[in-house]
Amino acid sequence: MINYLYQEQNWKTELSNLITDPNELLDELSLSKDQLLSGSILASEAFKLRVPRSFVQKIKKGDAYDPLLLQILPHHLELEEHAGYVVDPLGEEEANQLPGVLHKYKSRFLLTLTGACAVHCRYCFRRHFPYQENLPKNQDWENIKQYIEARPEINEIILSGGDPLTLTNQKLSIWLKRIESIEQIKILRIHSRTPIVLPSRIDNEFTYLLKNSRLRIILVLHCNHENELDDFTVSQLKSLIHPNIMMFNQSVILKGVNDSAQTLVNLSYRLFDAHIIPYYLHVLDKVKGAHHFDLDSEYIESIYTEVLANLPGYLVPKLVREIAGERNKTPIYGNSMA
Ligand SMILES: *Cc1c(COP(=O)(O)O)cnc(C)c1O
Ligand code: SF4
């Protein structure tokens, strides 16, 4: 029986039945509400709790410090103000050329088709970004196309978000056809956390779409801890193995979640089990509300040194920071050797 190949119905049902109430989440995880509930309710007013039930099942019951829980439970510390932690740390509003288009780097640009995500990650640098005002409509496609054709150096489009895999297959296939119709585009990249938090999203039709595109497909997943990759998630991801598709992962180094060399080493090996190559390890962007996830840069470098010493080179993600105005992500470790 091929139980790993899903139908759209399954994940749509899951997506319409997320946990959004902190009270329910704490009940589900048998956690004491005394310390967590009131702060969680307050913090969720600024950025709502949103998590698929299948992700909650990966969280250990009764453990308020579970590394997966910390990523999704609203916390009163988010409400603290800290100098230097701002609403738009990357100046993205300025890089916005056309509705949905965020073009900062030469050969490739981000195309945002939805502001929605399957999960709300508390550290997310886009938590304040005004997506809803900025999504491309069907009639914007002609302008986007002209924008690309006027810039022959563009050969790759990155669907980013929000999370593009919250869109239906039908909508995705419409955009895929549009992108395929521009000859200079060779690569379609999809940045998504959805397959990690809602693995049933990898359904028959989606795998068919990717495997039959004329474009090279790069799927960049977002996973921060090996516990996010349970057996079901890994088998779903493996259903995407195909000569036309490459899978990479980006993580953010987060205090309390994955701030140890052993955790990062385990994550790399687990990703490898799923045929995913670690790509980036991002240092947190200084976004308002995420200060409690941040780590001292010397500490990060000491962890990274250990990671380098304990993994084969192909399983070491590049440690990078995004600096507003730079032409690429900035490597942090060993920068002087570049
Ligand atoms: C990260 C990012 C990309 C992709 O950069 P790569 O280094 O190719 O992964 C493209 N555009 C923007 C705006 C980005 O932030
Ligand atoms: S899925 Fe990605 S874009 Fe969405 S909240 Fe999480 S980190 Fe942010």
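Residues numbered from 1 in each chain as written. Chains lettered and ligands numbered in written order. Predicted model: local features only at pLDDT ≥ 70, side-chain atom pairs only at ≥ 80, totals over all residues. Heavy atoms only, no water.

A word on the overall build of the chain
So, point 1. Scanning the chain from terminus to terminus reveals 12 helices and 10 strands.
So, point 2. Over its C-alpha atoms the chain spans a radius of gyration of 20 Å, differing by no more than 12% from the 20 Å that the globule rule assigns to 338 residues.
So, point 3. For the chain, the spread of C-alpha atoms along the three principal axes comes to 55 × 55 × 40 Å.
So, point 4. Within the chain, the proportion of its 338 residues that are buried is 54%.
So, point 5. Accessible surface, the chain: about 15,500 Å² in total, of which carbon and sulfur atoms supply 50%.
So, point 6. Side chains of the chain give 36 positive and 42 negative charges; the mean places of these two sets differ by 6 Å. (Helix = DSSP H or I, 4+ residues; strand = E, 2+ residues; numbered from the N terminus. Rg over C-alpha atoms; globule rule 2.2 N^0.38 Å. Buried < 20%, exposed > 50% of the residue type's maximum accessible area, 1.4 Å probe, protein only. Areas by Shrake-Rupley, 256 points an atom, 1.4 Å probe, with all protein chains shown as cover. Lys, Arg positive; Asp, Glu negative; His and termini not counted. Charge placed at Lys NZ, Arg CZ, Asp CG, Glu CD.)

Observations regarding the domain arrangement of the chain
So, point 1. When cut into domains, the chain gives domain 1 (12–79) and domain 2 (92–331).
So, point 2. The C-alpha centroid of domain 2 is placed 23 Å from the C-alpha centroid of domain 1.
So, point 3. Summing both sides of the interface, domain 1 and domain 2 together bury roughly 2,300 Å²; the carbon and sulfur share of this comes to 59%.
So, point 4. Broken down residue by residue, the surface that domain 1 buries against domain 2 is led by Phe47, Lys58 and Gln71, which jointly contribute 33%.
So, point 5. Along the contact surface separating domain 1 from domain 2 lie one salt bridge.
So, point 6. Inspection of the domain 1/domain 2 interface yields 15 residue pairs in polar contact (both at pLDDT 80 or more). (Domains from an automatic or database assignment. Buried area = accessible area lost by both parts, 1.4 Å probe. Salt bridge = Lys/Arg side-chain N within 4 Å of Asp/Glu carboxyl O. Polar contact = N/O pair within 3.5 Å; in protein donor to acceptor, adjacent residues only side chain to side chain.)

Observations regarding the pairing of strand E3 (residues 108–112)
So, point 1. Summarising burial for E3: four of the five residues are buried, a large majority.
So, point 2. Bridging between strand E2 (residues 101–105) and E3 involves three bridges; their strand directions are antiparallel. Within E3, the residue paired with Tyr105 across the bridge is Arg108.
So, point 3. Linking E2 back to E3 in an antiparallel pair, the connection comprises two residues. (Pairing = 2+ DSSP bridges.)

Some points on the packing of aromatic side chains
What describes a pair of aromatic rings is the distance from one ring centre to the other and the angle between the planes of the rings.
So, point 1. On inspection of all chains with the given rule, the structure shows seven aromatic pairs.
So, point 2. The interplanar angle of 65° and the centroid separation of 5.3 Å between the aromatic rings of Tyr304 and Tyr333 together place this pair among those described as edge-to-face. Residue Tyr304 is found in helix H12 (residues 297–310), and its partner Tyr333 is found in the segment after strand E10 (330–331); the two are separated by 29 residues along the sequence.
So, point 3. Members of the aromatic cluster, each reached through a chain of ring pairs, are Phe248, Tyr279 and Tyr280.
So, point 4. Between the NZ or CZ atom of Arg201 and the centre of the ring of Phe206, over which it lies, the distance is 5.1 Å. (Phe/Tyr/Trp six-rings, centres within 6.5 Å; stacked < 30°, edge-to-face > 60°. Lys NZ or Arg CZ within 6 Å of the ring centre and 35° of its normal.)

Some points on the site of ligand 2
So, point 1. As a structural note, the neighbourhood of ligand 2 is formed by Cys117, Val119, Cys121, Cys124, Gly162, Arg193 and His222.
So, point 2. The class makeup of the residues in the shell around ligand 2 is four nonpolar, two polar and one charged. (Near = heavy atom within 4 Å. Nonpolar A, V, L, I, M, F, W, Y, C, P; charged D, E, K, R; others polar.)

Thoughts on the environment of Arg201
So, point 1. Relative to the assigned elements, Arg201 resides in the loop between helix H8 (194–197) and helix H9 (204–211).
So, point 2. Taking the relative accessible area as the measure of exposure, Arg201 reaches 0% and is therefore buried.
So, point 3. Note: C-alpha distance between Arg201 and Gln9 (192 residues apart in sequence) is 9.5 Å.
So, point 4. Among the polar contacts listed, one links the side chain of Arg201 to the backbone oxygen of Leu165, at a separation of 2.6 Å.

Section: the UniProt feature "binding site: [4Fe-4S] cluster" (unreviewed entry) in the chain
So, point 1. Using the residue numbers shown here, the UniProt feature "binding site: [4Fe-4S] cluster" (unreviewed entry) corresponds to Cys117, Cys121 and Cys124.
So, point 2. Position of Cys121 among the secondary structure elements: in the loop between E3 and helix H6 (141–149).
So, point 3. Of the residues examined, Cys121 reaches a relative accessible area of 9% and is grouped as buried.
So, point 4. Setting aside chain neighbours within four positions, we find Cys121 in contact with Phe47, Gln71 and Arg193.
So, point 5. Checked against the element boundaries, Cys124 lands in the loop between E3 and H6. (UniProt positions renumbered as here; feature names shortened; annotations may be inferred. Contact = heavy atoms within 4.5 Å.)

Digging into the pattern of salt bridges
So, point 1. Per the counting criterion, the structure on display carries 14 salt bridges.
So, point 2. Close ionic contact of Glu156 with Arg189 constitutes a salt bridge, the shortest N to O distance being 2.6 Å. Pair noted here: Glu156 is in strand E4 (residues 156–160) and Arg189 is in strand E5 (residues 187–192), with a separation of 33 residues, a long-range link.
So, point 3. The buried category is assigned to Arg189, whose relative accessible area is 8%.
So, point 4. Between Asp203 and Arg201 there is a salt bridge, and its shortest N-O distance comes to 3.7 Å. Arg201 matches Asp203 in its accessibility class, with the two residues each being buried.

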